[in-house]
Amino acid sequence: MSLEGKKVVLAYSGGLDTSVCLKWFLEQGAEPYALYLDLGQGEPSGDVEKKALGIGAAGAFVRDAKEEFVSEYLAPAIKANTLYGGKYPLFTALGRPLIAKKLVEAAREVGATHIAHGSTGKGNDQVRFDVATASIAPDLTVVAPVRDWNMNRPEEIEYAEKHGLPFSSDVTKESPYSIDANLFGRSIEAGPLEDPYHEPTPDVYKLTAEPEDAPNEPEYVEIGFAEGVPTSLDGKEMPLLELIVRLGEVAGAHGVGRIDMIEDRLVGIKSREIYEAPAAIALIKAHQELESMTLAKDVLRFKSSVEQRYAELTYDGLWFTPLKSALDAFITETQKTVTGTVRLKIYKGSAIAVGRTAPKALYNKDLATYDANSTFDESAAAGFISLWGLPARQWAGVNGGFEDAGTTRKD
Ligand code: ARG
């Protein structure tokens, strides 16, 4: 595919990989534009705009997408309690479709026919960028130079040196890890972590304290929700973005939100992943707790299968699809009564819900109490159980009971 004369918008992080991509596009005779998106990953090293233009970009955009990330991606994920493999709160996977959307917006502004990203050919991120772009703007072509050129790290450094590309000395200091971060969490892979028996050393983590070094006193946080979305922290109303940042600091200081897992990538590889996502883990825990107070039993049970599907499609790069929209409609409907407050006790790496209150709680103390004044009609229980057990009694009468065989009936 010739890129001669083509306008390309590249997702630019300011790091070595995407700087090399930028230069490579220039070598191909393309007209590359750089887009740096702030998703709360922390400051880029230096002035990215200047850096991109210095390398030769035809234009550079620096955009803050944190609000949109929170309202359109993280809020739905919280409502859906999304945990891939029951563990990973999907913050990286949630950021990719938004980056694709912003690349397309920038491509429209400059009249580009191509967009590009720096993902490798072994991960999930390439799939997410490519498929999200196909869903949003099927007319655009996606280029992934890193996937195509097969340069290893030392070769990239050599290329950067040869072409006089600016890169921070940290790159050569050789951090063995591959890191991705945004305001909802941080993922760490590669290097010594590729040995699944190797315990991550403390230098792996940045957002969470070692639980054994965390404060010896527990801390309580009260998280208020309105229709499934967190709206207050310790009684104070605040925008979700601010709530996530503040809660992340408190929970992280107590070592909450560390995840160490073997994960099934979409491309078929099992990989060892370390995550730290203090706010995500605390919020999902609190949200689940409030749902157990406010949702009907059958809705809760059914929703858990929807949640699993939602997590999988998010992971698999299918964010902009009709199935995702349909599941959103179901989830939003379930959240109408998910309003209330959950009190979490956070201590040495754990976050435990110790209190919950909701105006539309289905929990009814008068029914549940073991005190004599309970409104539950115990006399109705015997008749209910007789009919509930009728099929079991019928089956045993016809086929013989399980008595002699223990739990497995012998024929
Ligand atoms: N395994 C996670 C995922 O697929 C995290 C990927 C992190 N990406 C990265 N480029 N290091 O969502």
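Position labels on residues start from 1 in each chain and follow its written sequence. With the structure being a predicted model, the display of local features is reserved for residues of pLDDT at least 70 and the display and counting of side-chain atom pairs for 80 or more, all residues being used for whole-chain, interface and lining totals. The side-chain figures draw on all heavy atoms in the structure; neither hydrogens nor water molecules are used.

## Some thoughts on the site of the ligand
Turning to step 1, where the next piece is worked out: What surrounds the ligand is a group of 15 residues, the closest being Tyr-88, Asn-124, Asp-125, Arg-128 and Glu-263.
Turning to step 2, where the next piece is worked out: What qualifies as a polar contact is a pair of N or O atoms within 3.5 Å, subject to a donor-acceptor requirement within protein and to the restriction that residues adjacent in sequence count only when both atoms come from side chains. At a separation of 3.0 Å, a nitrogen atom of the ligand approaches a polar side-chain atom of Asp-125.
Turning to step 3, where the next piece is worked out: Throughout, the Shrake-Rupley method with a 1.4 Å probe supplies accessible areas, and for residues the shown protein chains are the sole cover considered. In isolation the ligand offers 350 Å² of accessible surface; the protein chains occlude 88% of this area.
Turning to step 4, where the next piece is worked out: Runs of H or I in DSSP of at least four residues are treated as helices and runs of E of at least two as strands, each being numbered from the N terminus. Elements with a minimum of two residues in the shell around the ligand: helix H4 (91-110), helix H5 (125-136), strand S6 (178-182), strand S7 (185-189) and strand S12 (270-276).
Turning to step 5, where the next piece is worked out: Top element by residues in the shell around the ligand is H4. It accounts for three residues.
Turning to step 6, where the next piece is worked out: Only Asp, Glu, Lys and Arg are considered charged in this grouping, and only Ala, Val, Leu, Ile, Met, Phe, Trp, Tyr, Cys and Pro are considered nonpolar; every other residue, Gly among them, is considered polar. Its residues assigned to classes, the shell around the ligand comprises four nonpolar, four polar and seven charged. Note on terminology: near, applied to a residue and a molecule or strand, indicates that one of the residue's heavy atoms is within 4 Å of it.

## Remarks on the sheet that holds S7
Turning to step 1, where the next piece is worked out: Two strands pair if DSSP finds at least two bridges between them. Spatial strand order, S6-S7-S12-S11: four strands in an open sheet with antiparallel pairing. Each edge of the open sheet carries a strand with a single partner, namely S6 and strand S11 (258-264). Direction aside, the axes of adjacent strands within the sheet are offset by 20 degrees on average.
Turning to step 2, where the next piece is worked out: Pairing of S7 with S12 involves three bridges; the strand directions are antiparallel. Paired with Arg-186 across the two strands is Glu-276, which belongs to S12. Geometry is summarised by axes, namely lines fitted to C-alpha atoms with helices restricted to the contacting stretch, and by angles between N-to-C directions that run from 0 to 180 degrees.

## Comments concerning the pattern of salt bridges
Turning to step 1, where the next piece is worked out: Any Lys or Arg side-chain nitrogen found within 4 Å of a carboxyl oxygen on Asp or Glu counts as a salt bridge. One pass over the structure, following the stated rule, counts 24 salt bridges.
Turning to step 2, where the next piece is worked out: For the salt bridge of Asp-38 with Lys-66, the shortest nitrogen-to-oxygen distance reads 2.9 Å. Pair noted here: Asp-38 is in strand S2 (residues 31-38) and Lys-66 is in helix H3 (residues 66-79), with a separation of 28 residues, a long-range link.
Turning to step 3, where the next piece is worked out: A salt bridge links Lys-66 to Asp-64; the nearest nitrogen and oxygen atoms lie 3.1 Å apart.
Turning to step 4, where the next piece is worked out: Of the residues examined, Asp-64 reaches a relative accessible area of 53% and is grouped as exposed.
Turning to step 5, where the next piece is worked out: Residues joined by salt bridges that share partners form a network here, namely Glu-68, Lys-101, Lys-102 and Glu-105. We call a residue buried when its accessible area falls under 20% of the maximum for its residue type, exposed when it is over 50%, and partly exposed in between, using a 1.4 Å probe and counting protein chains only.

## A closer look at the pairing of strand S13 (residues 340-347)
Turning to step 1, where the next piece is worked out: Along S13, the buried face is formed by Gly-340, Val-342, Leu-344 and Ile-346; none of Thr-341, Arg-343, Lys-345 and Tyr-347, which line the opposite face, is buried.
Turning to step 2, where the next piece is worked out: The sheet contact formed by strand S8 (residues 219-226) and S13 spans seven bridges and is antiparallel. Its bridge partner being in S13, Tyr-220 is matched across the sheet by Lys-345.
Turning to step 3, where the next piece is worked out: Strand direction decides the pairing type here: S13 and strand S14 (residues 350-357), joined by seven bridges, are antiparallel. Across the sheet, the residue bridging to Arg-343 is Gly-355, located in S14.
Turning to step 4, where the next piece is worked out: In this structure, the hairpin formed by S13 and S14 is closed by a connection of two residues, where Lys-348 is found at a positive phi of approximately 45 degrees.

## Let's talk about the packing of aromatic side chains
To describe a pair of aromatic rings, you give the distance between the ring centres and the angle between the ring planes.
Turning to step 1, where the next piece is worked out: By convention, a stacked pair of Phe, Tyr or Trp rings (six-membered ring in the case of Trp) has centres within 6.5 Å and planes under 30 degrees apart, an edge-to-face pair has planes over 60 apart, and any other such pair is tilted. Within the structure shown, the criterion is met by 13 aromatic pairs.
Turning to step 2, where the next piece is worked out: Residues Tyr-310 and Trp-319 carry aromatic rings whose centres are separated by 6.0 Å and whose planes lie at 80 degrees to one another, so their mutual orientation is edge-to-face.
Turning to step 3, where the next piece is worked out: Classification of Trp-319 by relative accessible area gives buried; the value is 5%.
Turning to step 4, where the next piece is worked out: An aromatic cluster of at least three residues, connected via ring pairs, comprises Tyr-84, Tyr-88, Phe-91, Tyr-275 and Tyr-315.
Turning to step 5, where the next piece is worked out: For a Lys NZ or an Arg CZ to count as sitting over a ring, it must be within 6 Å of the ring centre and within 35 degrees of the ring normal. The ring centre of Tyr-205 lies 3.5 Å from the NZ or CZ of Arg-258, which sits over that ring.
Turning to step 6, where the next piece is worked out: The ring of Tyr-220 has Arg-343 sitting right over it, with the charged end atom 4.2 Å from the ring centre.

## Describing the packing of H3 against helix H9 (residues 240-253)
Turning to step 1, where the next piece is worked out: At a minimum axis separation of 9 Å, H3 and H9 run at an interaxial angle of 75 degrees. Viewed along their axes, H3 and H9 adopt a mutual orientation that is roughly perpendicular. In contact with Lys-66, Glu-67, Val-70, Leu-74, Ala-75 and Ile-78 of H3, H9 contributes Leu-240, Leu-241 and Ile-244.
Turning to step 2, where the next piece is worked out: For the contact of H3 with H9, the residue count by class is seven nonpolar, no polar and two charged. Angle categories are assigned with fixed cut-offs, so that under 35 degrees is roughly parallel, over 145 is roughly antiparallel, 65 to 115 is roughly perpendicular, and the rest are oblique. Residues are treated as being in contact if the distance between any of their heavy atoms lies within 4.5 Å.

## Things to note about a nonpolar patch on the surface
Turning to step 1, where the next piece is worked out: A cluster of nonpolar side chains, Tyr-220, Ile-352 and Val-354, forms an exposed patch at the surface whose accessible area comes to about 250 Å².
Turning to step 2, where the next piece is worked out: Structurally, Ile-352 is set in strand S14.
Turning to step 3, where the next piece is worked out: For Ile-352, a relative accessible area of 47% corresponds to the partly exposed category. What makes a patch is a set of residues exposed beyond 30% relative accessible area and free of salt bridges, joined within 9 Å when like-charged and within 5 Å when nonpolar (Val, Leu, Ile, Met, Phe, Trp, Tyr).

## A closer look at the sheet that holds strand S10 (residues 236-237)
Turning to step 1, where the next piece is worked out: Spatially, S10-S9-S8-S13-S14 is the arrangement adopted by the five strands of the open sheet, whose pairing is antiparallel. Two strands bound the open sheet, and with one partner strand each, they are S10 and S14.
Turning to step 2, where the next piece is worked out: The strands touched by helix H10 (residues 278-294) within the sheet are S8, strand S9 (229-233), S13 and S14, with S13 carrying the most contacts at an inclination of about 135 degrees.

## What to know about the nonpolar core
Turning to step 1, where the next piece is worked out: We call a set of buried residues a nonpolar core when its members are Ala, Val, Leu, Ile, Met, Phe, Trp, Tyr or Cys and they connect through side-chain atoms within 4.5 Å of each other. Residues Val-9, Tyr-88 and Ile-244 are the most contacted members of the largest nonpolar core, which totals 75 residues.
Turning to step 2, where the next piece is worked out: Broken down by element, this core gets its largest block of residues, ten residues, from H4.
Turning to step 3, where the next piece is worked out: Those residues in contact with Val-9 that sit more than four places away from it in its chain are Tyr-33, Leu-35, Leu-103, Ala-106, Ala-107, Val-110, Ala-112, His-114, Ile-115 and Ala-116.
Turning to step 4, where the next piece is worked out: Listed in part, the 26 residues of the second largest apolar core include Tyr-12, Leu-16, Val-20 and Tyr-36.

## Describing H9
Turning to step 1, where the next piece is worked out: To estimate the expected span of a helix, count its residues, drop one, and scale the result by 1.5 Å. Helix length check: H9 (14 residues) gives 20 Å between terminal C-alpha atoms against 20 Å at 1.5 Å per residue, within 8%.
Turning to step 2, where the next piece is worked out: Taken residue by residue, H9 has Leu-240, Leu-241, Leu-243, Ile-244, Leu-247, Gly-248, Ala-251 and Gly-252 as its buried positions. Looking down the long axis of H9, one finds its buried residues gathered within 150 degrees of arc, a one-sided arrangement.
Turning to step 3, where the next piece is worked out: The inward-facing, buried residues of H9 contact H3, S8, S9, H10 and S13.
Turning to step 4, where the next piece is worked out: A positive backbone phi angle near 75 degrees is found at Gly-255, which sits one or two residues after H9. The directions considered for the arc are those from the helix axis to the C-beta atoms.

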